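# Structural features, examined
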Amino acid sequence: MVSKVSDPVVAGAIDGIDAGLGVLLADGWEPVSCDEAMVRVREIEALGRRLHAAQLGVLAAIDRSGVFRADGHASAKVMVRHGANLSKAAALRRDQVASMLQRMPHAEAAHAEGRLGTPQAERIARTFANGRVREALVDADEAMVRAAVMLPYPDFDAALTDWERLVDEDGAGDRAERNDANRDFRMPQNLDGSGRFEGGGGGVDMQEIEDVWQRQVRREFEADWAEARCRLGDAATVDDLVRTDGQRRFDAMKTCMLRGDLAEYGVSARTCTDLVIDQPTFERHLAKLFGTDPGPDPRAVTWWDDLAGTLGDEPGTGCESTVEPEPEPERESAPDSVPGDAPAPVRKPGNGPPEGGPVGFRCGTIDGRPLDPTEVVVATLIGHVRRVVTGADAVVLDMGRKARCFAGARQGAVRLSHPMCTWTGCQVPASECQSDHLDGFGGPSEGRTDPGNGAPVCGRHNRLKEQGYAVVRDRHGRWHVFRPDGTEIT
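Just so we're clear, the structure is a prediction, and the values are computed from it rather than from any experiment.

## Quick notes on the overall build of the chain
- When helices and strands are counted, the chain shows 18 helices and 9 strands.
- For the chain, the residues scored as buried account for 39% of the 490 residues in total.
- Residue pairs in contact within the chain that sit at least 24 positions apart in sequence constitute 66% of those at least 6 positions apart.
- Working note: accessible area of the chain is about 27200 Å², and carbon and sulfur atoms make up 54% of it.

## Some thoughts on the pattern of salt bridges
- Applying the stated criterion across every chain, the model contains 24 salt bridges.
- For E135, the salt bridge identified is with R103, shortest N-O distance 3.0 Å. With E135 in helix α7 (residues 134–139) and R103 in helix α4 (residues 88–103), the pair connects residues that are 32 residues apart, well separated along the chain.
- Judged by relative accessible area, E135 falls into the partly exposed class, the value being 46%.
- Among the ionic pairs, D224 bridges to R243, the shortest N-O distance being 3.0 Å. Highlighted residues: D224 in helix α11 (residues 203–232) and R243 in the loop between α11 and α12 (245–258), separated in sequence by 19 residues.
- On the basis of relative accessibility, which here comes to 5%, the residue D224 falls in the buried class.

## Things to note about helix α8 (residues 141–150)
- Across the 10 residues that make up α8, a large majority, 9, are buried.
- Residues of α8 that are buried include every one of D141, A143, M144, V145, R146, A147, A148, V149 and M150, and no others.

## Details of the environment of E432
- Note on placement: E432 falls in the loop between α17 (408–415) and β6 (434–437).
- For the pair E432 and G459, spaced 27 residues apart in sequence, the C-alpha to C-alpha distance is 8.8 Å.

## Quick look at the packing of aromatic side chains
- On inspection of all chains with the given rule, the structure shows 6 aromatic pairs.
- Aromatic pair F156 and W304: ring centres 6.0 Å apart, planes at 40 degrees, arrangement tilted. Of this pair, F156 sits in helix α9 (residues 153–167) while W304 sits in helix α15 (residues 299–308), and the two are 148 residues apart along the sequence.
- Judged by its relative accessible area of 3%, W304 is buried.
- Linked through ring pairs, F156, W163 and W304 together constitute an aromatic cluster.
- Above the ring of W29, the side-chain terminus of R40 is found at 4.3 Å from the ring centroid.
- The ring of F128 carries the charged tip of R134 above its face, separated from the ring centre by 5.0 Å.

## Describing the nonpolar core
- Core analysis: the largest hydrophobic core is formed by 50 residues, its most contacted members being M100, M104, I124, M144, F156 and W304.
- The element that contributes the greatest number of residues to this core is α8, accounting for 7 residues.
- If you look at the next biggest cluster of nonpolar residues, it comprises 11 residues, including C421, A455, V457 and V471.

## Notes on the confidence of the model for the chain
- In this model, the chain carries a mean pLDDT of 78, and residues with pLDDT of at least 70 account for 76%.
- Taking the mean pLDDT of every element in the chain, the minimum, 54, falls on helix α13 (residues 261–265) and the maximum, 96, on helix α5 (residues 105–112).
- Scored below 50 in pLDDT, residues 316–326 makes 13 contacts in the model with residues more than four places away or belonging to other chains.

## Side note on the side chain of H52
- On the secondary structure map, H52 appears in helix α2 (residues 34–65).
- Setting aside residues no more than four positions away along its own chain, H52 makes contact with H111 and T118.

## What to know about the packing of α4 against helix α6 (residues 118–128)
- It is the contact of α4 with α6, at a shortest axis distance of 8 Å, that shows an interaxial angle of 80 degrees. As far as their axial angle goes, α6 and α4 are roughly perpendicular. Packed against α4, whose contacting residues are R93, Q96, V97, S99, M100 and R103, the element α6 presents A121, E122, I124, A125 and F128 at the interface.
- Residues that form the contact of α4 with α6 fall into these classes: 6 nonpolar, 2 polar and 3 charged.

## Thoughts on the side chain of H111
- Note that H111 resides in helix α5.
- If we skip the residues at most four places from it in the chain, H111 touches R49, R50, H52, A53, L56, L101, L116, G117 and T118.

## Describing empty space enclosed by the protein
- By the definition in use, this model includes 1 cavity of 30 Å³ or more.
- When its volume is computed, the largest cavity comes out at roughly 50 Å³.
- Those elements giving two or more residues to the lining of the largest cavity turn out to be α9 and α10 (169–181).
- Its residues assigned to classes, the lining of the largest cavity comprises 4 nonpolar, 1 polar and 3 charged.

Calculation rules
- Residues numbered from 1 in each chain as written.
- Predicted model: local features only at pLDDT ≥ 70, side-chain atom pairs only at ≥ 80, totals over all residues.
- Heavy atoms only, no water.
- Helix = DSSP H or I, 4+ residues; strand = E, 2+ residues; numbered from the N terminus.
- Buried < 20%, exposed > 50% of the residue type's maximum accessible area, 1.4 Å probe, protein only.
- Contact = heavy atoms within 4.5 Å.
- Areas by Shrake-Rupley, 256 points an atom, 1.4 Å probe, with all protein chains shown as cover.
- Salt bridge = Lys/Arg side-chain N within 4 Å of Asp/Glu carboxyl O.
- Phe/Tyr/Trp six-rings, centres within 6.5 Å; stacked < 30°, edge-to-face > 60°.
- Lys NZ or Arg CZ within 6 Å of the ring centre and 35° of its normal.
- Core = buried A, V, L, I, M, F, W, Y, C linked by side-chain atoms within 4.5 Å.
- pLDDT = per-residue confidence, 0-100.
- Axes fitted to C-alpha atoms, helices over the stretch in contact; angles between N-to-C directions.
- Parallel < 35°, antiparallel > 145°, perpendicular 65-115°, else oblique.
- Nonpolar A, V, L, I, M, F, W, Y, C, P; charged D, E, K, R; others polar.
- 1 Å grid on protein atoms, 1.4 Å probe; cavity = no way out; pocket = protein on both sides within 12 Å on 5 of 7 lines; lining within 4 Å.
- Points joined across faces, edges and corners; volume = space filled by probe spheres on them.

Set out below in structure tokens:
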């Protein structure tokens, strides 16, 4: 293409970028190793982020100039939506990010340099749209962007969600109350007599319902698997099951509704819903229920600085900042809370308590789905749920070496230590993972069957771990996976 931009310098830059993209698209590259592939992924991603920053800059410039009015466009967003042929949703996201970046210079610079990902920028912009936390978000610009650059997206998403809940406790409580007040369930019929389910409710109620339903789904699968093995023997595979996943899900709901979990399987087999909450949050919201105002949560003020203390230097991803950082003023703080510290040393489980720890707020389900703290506290007082209080490095409790396998409470405690598989890049929910020893039970160190020596790992990565890979937890509760040659998967 030949740029039609009137400024010859900008036109030359666009033509140069277009020519470079042509080379990249036609080079026929084939990766020879994971490391080489990851370098290419990150370098191309950085280019994409910078191009996205340029798109945002175009929208912001149009908005500032007001030229969109000449052709009757209602806003710069509408003009860009038309000119770029975007969907309404895509145009809205771009407009939200552009508005956010105008108030948050560190986020703007990091995105322009290719360090801050587009999903992270869009996630920050969604929080920026909440007027009750906007100014606090702007004040936390630098520390929050550091976390956004260094954390895996799911961890950053969870951290930002928890921070927003701490800063806007009343707003989070109001939303939970509305969800509960608006709870509804209907089974409308179609014209042909078939039907469908519609409805929803509060977070704790929905989690209890889902736990009962998922338990029945597993029973339906086990019944199909037993039938297939009886019919075909050891040659049976999942493709031989008589029902599809969808059919089993429907039949599970039907069974729950017709007979109920208690009536069918007895009190001893009642489904247990685990709600995970940290001790300070539990005590704060318990005090509120009894009429005491504990005031704003002090963790909200230092959230991003404390989180930065659990992170090392930015990894060499090809997305490092090209701007020399300004010297930071001296401040009184513990070594673990200074941004830019060396990476936290990896510790082997069983070598004593962690030094420091994560920020220390958790309130949700075993898979990390956030719940309103007041709902959780009430449920623990009057509901059929189990409250689980986590320690500094997310380890639930110590249960000795009497058992070979993680089962029952031990298995649950391991799964509660992390909301998903601990293998780098894997996002299988913890509820679908196996509980695996970090130090092997039969290995030289005779690893104990304690939650502190366990990790939730999906079946695929649990098998891979036995081929020489190692999964370890550092002193901040973060997970690292090492290849057989000792190098870390990043």
